[in-house]
Amino acid sequence: MKAVSIILLSLFLSSFAVGNNSKEFVQKKKEEVFICTGKGAKCYHNNRKCWGLNKCGENADIVKKTLDEAKKEYRACKICYKVKK
Ligand SMILES: [Zn+2]
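This is a predicted model, so every value here is computed, not measured. (Residues numbered from 1 in each chain as written. Predicted model: local features only at pLDDT ≥ 70, side-chain atom pairs only at ≥ 80, totals over all residues.)

Trainee: Teacher, can you tell me more about the overall build of the chain here?
Mentor: Of regular secondary structure, the chain possesses two helices and four strands. For the chain, the succession of helices and strands along the chain, N to C, is α-β-β-β-α-β. Expressed as a percentage of the 85 residues in the chain, the buried residues total 13%. (Helix = DSSP H or I, 4+ residues; strand = E, 2+ residues; numbered from the N terminus. Buried ≥ 20, exposed ≤ 12 C-beta atoms within 10 Å, placed from the backbone.)

And the structure:
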């Protein structure tokens, strides 16, 4: 059993190393989120179809932003960012 766990551990560690090395060619992918430009909107959404965006009125638009940008002004939507079980 001990040998198995050592193998698993080394696999785990090597996958970590590969992950670090691949950083160079996997361009930093900027996460995009959706926000409503309406006055009442305070949240950003990771899903365009989130029903939280349904409340976005006719006078407002749903726009894409990068997550970093959105975080400055908005909070994560509790509907589409709820903790996964
Ligand atoms: Zn949402």
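This is not the end of the story, as more comes after the structure.
Trainee: It is not clear to me how the sheet that holds strand β1 (residues 32-36) should be interpreted in this structure. Could you clarify?
Mentor: Strands belonging to one sheet form pairs held by backbone hydrogen bonds; the direction of such a pair is parallel or antiparallel. Strand order in this open sheet of four strands is β3-β1-β2-β4, and the pairing throughout is mixed. The outermost strands of the open sheet, each flanked by one partner alone, are β3 (62-66) and β4 (75-76). One ladder, built from two bridges, connects strand β2 (residues 43-45) with β4; its direction is parallel. Looking across to β4, one finds that C43 is bridged to R75. (Pairing = 2+ DSSP bridges.)

Trainee: When you look at the nonpolar core in this model, what are you seeing that I'm missing?
Mentor: For soluble globular proteins, nonpolar side chains are generally found buried alongside one another. One finds V33, F34, I35, C36, A41, C43, Y44, L53, A70 and C77 forming the largest nonpolar core, which totals ten residues. Contributing elements (two or more residues each) for this core: β1 and β2. Considering each element in turn, this core owes the most residues, four residues, to β1. Aside from chain neighbours lying at most four places away, what touches I35 is A41, Y44, V63, K65, A70 and Y74. (Core = buried A, V, L, I, M, F, W, Y, C linked by C-beta atoms within 7 Å. Contact = placed C-beta atoms within 7 Å.)

Trainee: How do you make sense of the pairing of β1 when you look at a structure like this?
Mentor: Residues in a regular strand point their side chains to alternate faces of the sheet. Buried residues dominate β1, accounting for four of its five residues. Of the pairings in the sheet, the one linking β1 to β2 comprises two bridges and is antiparallel in character. Directly across from I35, in β2, lies its bridge partner Y44. Once β1 ends, the chain turns through six residues before running back antiparallel as β2.

Trainee: Even after reading the chapter, I still don't get the pairing of β3, so can you show me in this structure?
Mentor: In terms of residue burial, β3 counts as a barely covered element, since only zero of its five residues are buried. Sheet topology note: the β1/β3 ladder contains five bridges and is antiparallel. By the bridge assignment for β3, I35 is matched with V63.

Trainee: Help me understand the environment of N59 in this model?
Mentor: Locating N59 in the fold gives a position in the loop between β2 and β3. N59 gets classed as exposed once you count the C-beta atoms within 10 Å, which come to 8. Sequence separation between N59 and G38 is 21 residues; the distance between their C-alpha atoms is 7.1 Å.

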